[in-house]
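Listed below are the residues making up each chain.
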Amino acid sequence: MAGHNASGFHPHLPGFKHKFLATTLGATMWFFIFYRARKDGAKLLGLKHPWDGHDHDHHAHEGGHSEHH
């Protein structure tokens, strides 16, 4: 059986570069997730409809625009 082997499994510890890269990529991922949650969190939770607009008041700057976006 595998449990009776004296050598066992001894993984090497990660080096500084790998730990730094993992921390940097993990932090970047969470910053991006929180950034998107700030922008689209209400839509995701159903508090705001996606077709309600992008927080822009299109009627305030109608001069020169013949169509409504």
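Further up the page is the structure itself.
Below you will find a few notes about this structure.

## Overview of the overall build of the chain
For step 1, the next point in the chain: When you go through the chain residue by residue, the secondary structure sums to one helix and zero strands.
For step 2, the next point in the chain: For the chain, buried positions account for 1% of its 69 residues.

## So, the pattern of salt bridges
Oppositely charged side chains can pair when the atoms bearing their charge come close.
For step 1, the next point in the chain: Summed over all chains, the structure comprises one salt bridge.
For step 2, the next point in the chain: The closest approach of N and O atoms between Asp40 and Arg36, which form a salt bridge, is 2.4 Å. In this pair, Asp40 and Arg36 are both assigned in helix H1 (residues 16-44), four residues apart and thus about one turn of the helix distant.

## A few points about the packing of aromatic side chains
For step 1, the next point in the chain: According to the stated counting rule, one finds two aromatic pairs in the structure shown.
For step 2, the next point in the chain: Ring geometry for Phe16 versus Phe20: centroids 6.1 Å apart, planes at 20°, classification stacked. Here Phe16 pairs with Phe20, and both are found in helix H1, just four residues apart, close to one helical turn.
For step 3, the next point in the chain: Look at Phe20 and you get exposed, because its relative accessible area is 52%.

## Description of a nonpolar patch on the surface
For step 1, the next point in the chain: A cluster of nonpolar side chains, Met29, Trp30, Phe32, Ile33, Phe34 and Tyr35, forms an exposed patch at the surface whose accessible area comes to about 660 Å².
For step 2, the next point in the chain: Residue position: Ile33 is located in helix H1.
For step 3, the next point in the chain: Given the relative accessible area of 36%, Ile33 is considered partly exposed.

Rules behind the numbers
Residues numbered from 1 in each chain as written. Predicted model: local features only at pLDDT ≥ 70, side-chain atom pairs only at ≥ 80, totals over all residues. Heavy atoms only, no water. Helix = DSSP H or I, 4+ residues; strand = E, 2+ residues; numbered from the N terminus. Buried < 20%, exposed > 50% of the residue type's maximum accessible area, 1.4 Å probe, protein only. Salt bridge = Lys/Arg side-chain N within 4 Å of Asp/Glu carboxyl O. Phe/Tyr/Trp six-rings, centres within 6.5 Å; stacked < 30°, edge-to-face > 60°. Patch = residues over 30% accessible without salt bridge, like charges linked within 9 Å, V, L, I, M, F, W, Y side chains within 5 Å. Areas by Shrake-Rupley, 256 points an atom, 1.4 Å probe, with all protein chains shown as cover.

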